[in-house]
Amino acid sequence: MALGEIYRLNGNPSAVHCFKEVLKESPFALTAIHHLIRLDVKVTDILNIVNPAIASTPAMAWLSTWIRAQSALQSIQVSNAIALLRQLYDSTQLKGNVEIITSLAEAYYYSGDYKKAIQYFKKAFTADPMLIRGLDCYASVLAKENQLKELENLSNQLVQRADSLESVAEPWVVLSYYCFLSNKKESKSYFFAQKACTLSNNSVEALLLKGTILSESKRSEAKTCFLEAHSNAPHRFEPIKCLTEVYLAESQKQLAANMANVALKTLGHSPRTLTLVATVFLTDSVNNEKSKAKQALERAVKQDPTYLNAVYLLSNLYLEDKSYDKAVEILNKAIENSESNVKLHKILSECYTGRNEHEKASHHRSIVSKLELSYRNSSEGSQRLEHQSHIAGDNVSSTLDLEVDDIPPSDEDVDESETDVVWSDDNYSVT
């Protein structure tokens, strides 16, 4: 196992042989199985080694399902991973198992279902407060859902355990997100993200966060991070989205289009990938690709009426075309699941105004006012939180005895090769 670890860290393919030898001697060594799956060893090859032991040990009958689930989790078949993990989660034998709960949380995160991901991450860390695996993904999804208070609580718990966590990557990702979101201390958050990357050279979450921190000021370095994250996890949506956004920010529309097409080819026509493609179409003012963007967004909203990124873009396109009825329809469906969403009510008010239904427009403006008032009433608490965050961010450094330097200068830019990828379904093309 130790030799396999050394080979794995150095990219030596002999790691596979070592981990297989481990399984031959100890068929239930889950760490070795994890490594083999992440080294792209076929599930059938792993099962051929462990199945005889499973057959002679009825209590381990669940293991073959777990292996298939873990393999699906590391591929584009995330929905299959969720189905298999749900089987294990609902079984009497593994009820409350933290490993299964964490894997299920990760699967929901990879699929883009952030609310369910948070739900299961909370269950996992409530069951085992000392858990390390999944901390980076948990921090990422909390950041995406703007749950700063939860991120603060998680950071404070980790600071108390600083001595035992200094050599693993996941806690550094948590602290980096916390510093970045709570008080925008770019140099400190960069330091923590860089520390995570150093400790784990294939940490996708650390690379994404580091790239996000750099994306405003040092895009060439940000691209390097996102490209490496995409290389480490080509089945993940987030690196593709980040690369697309960086290319659009630099007006490199061909590269952005290529990445959007990679998302479609790799991950299929999901609401997330369709919306990403629509975003690229909407930046093409020369060819006026608005109709293609609208078509992609309509497909996205049809698949998932609650996917707000698509709803926002599509309803605004409908407003521009004065297609108020269509906009009202998709907005009302979205509001059923997001009643307190100010943006939805604002757009809906504009739609009713366009239809000369002023009473309904006034009703939604009233809802917007109430929601904004509620937000203002909580601003004092938010300011206190920001102040506490600032102090806690400083305490993180002093507790861990760190010296935080400024962000280093840019390295050489990465090479970018354009590929002719075309969205062929329904005769669409992103070029």
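Every chain begins its residue count from 1, and numbering advances along the sequence as written. Per-residue local features are limited, in this predicted model, to residues with pLDDT of at least 70; the limit for side-chain atom pairs, both in listing and counting, is 80 or more; totals at the level of whole chains, interfaces and linings are taken over all residues. Based on all heavy atoms of the structure, the side-chain values leave hydrogens and waters out of the count.

Under an unreviewed UniProt entry, the name given to the protein chain is Anaphase-promoting complex subunit 7, and the organism recorded is Medioppia subpectinata.

As a further point, take the overall build of the protein chain. Strands are runs of DSSP state E lasting at least two residues, helices are runs of H or I lasting at least four, and both sets are numbered from the N terminus onward. Scanning the protein chain from N- to C-terminus turns up 24 helices and 0 strands. Burial here depends on accessible area, computed with a 1.4 Å probe over protein chains only, as a share of the maximum for the residue type. Under 20% is buried, over 50% is exposed, and the range in between is partly exposed. Every one of the 431 residues in the protein chain was classed for burial, and the buried ones make up 48%. Pairs of residues are marked as contacts when any of their non-hydrogen atoms sit within 4.5 Å. Partitioning the intrachain contacts of the protein chain with sequence separation of at least 6 by distance along the chain shows that 58% fall at a separation of at least 24. Only carbon and sulfur atoms are counted for the fraction: they give 48% of the accessible area of the protein chain, which is about 21100 Å². Accessible surface area values rest on a Shrake-Rupley calculation with a 1.4 Å probe, where residue burial reflects the displayed protein chains alone.

Let us look at the environment of Ala293. Structurally, the position occupied by Ala293 is in helix H19 (residues 290–303). Separated by 18 residues in sequence, Ala293 and Thr275 have C-alpha atoms that sit 8.2 Å apart. Dropping the residues within four chain positions of it, Ala293 is found in contact with Ala278, Phe281 and Leu282.

Here the focus is the pattern of salt bridges. Salt bridge, as applied in this entry: a Lys or Arg side-chain nitrogen positioned within 4 Å of an Asp or Glu carboxyl oxygen. Applying the stated criterion across every chain, the model contains 19 salt bridges. Of the charged contacts in the structure, one is a salt bridge between Glu99 and Arg133, with a shortest N-O distance of 2.7 Å. Placement of the pair is Glu99 in helix H7 (residues 98–111) and Arg133 in the loop between helix H8 (114–127) and helix H9 (135–144), with a sequence separation of 34 residues. On the basis of relative accessibility, which here comes to 24%, the residue Glu99 falls in the partly exposed class. Across the pair Asp325 and Arg355 runs a salt bridge, and its minimum N-O distance is 2.5 Å. With Asp325 in helix H21 (residues 324–335) and Arg355 in the loop between helix H22 (342–354) and helix H23 (358–377), the pair connects residues that are 30 residues apart, well separated along the chain. The class for Asp325 is exposed, based on a relative accessible area of 52%. Connected through salt bridges with shared partners, the residues Glu205, Arg236, Glu238 and Arg272 form a single ionic network.

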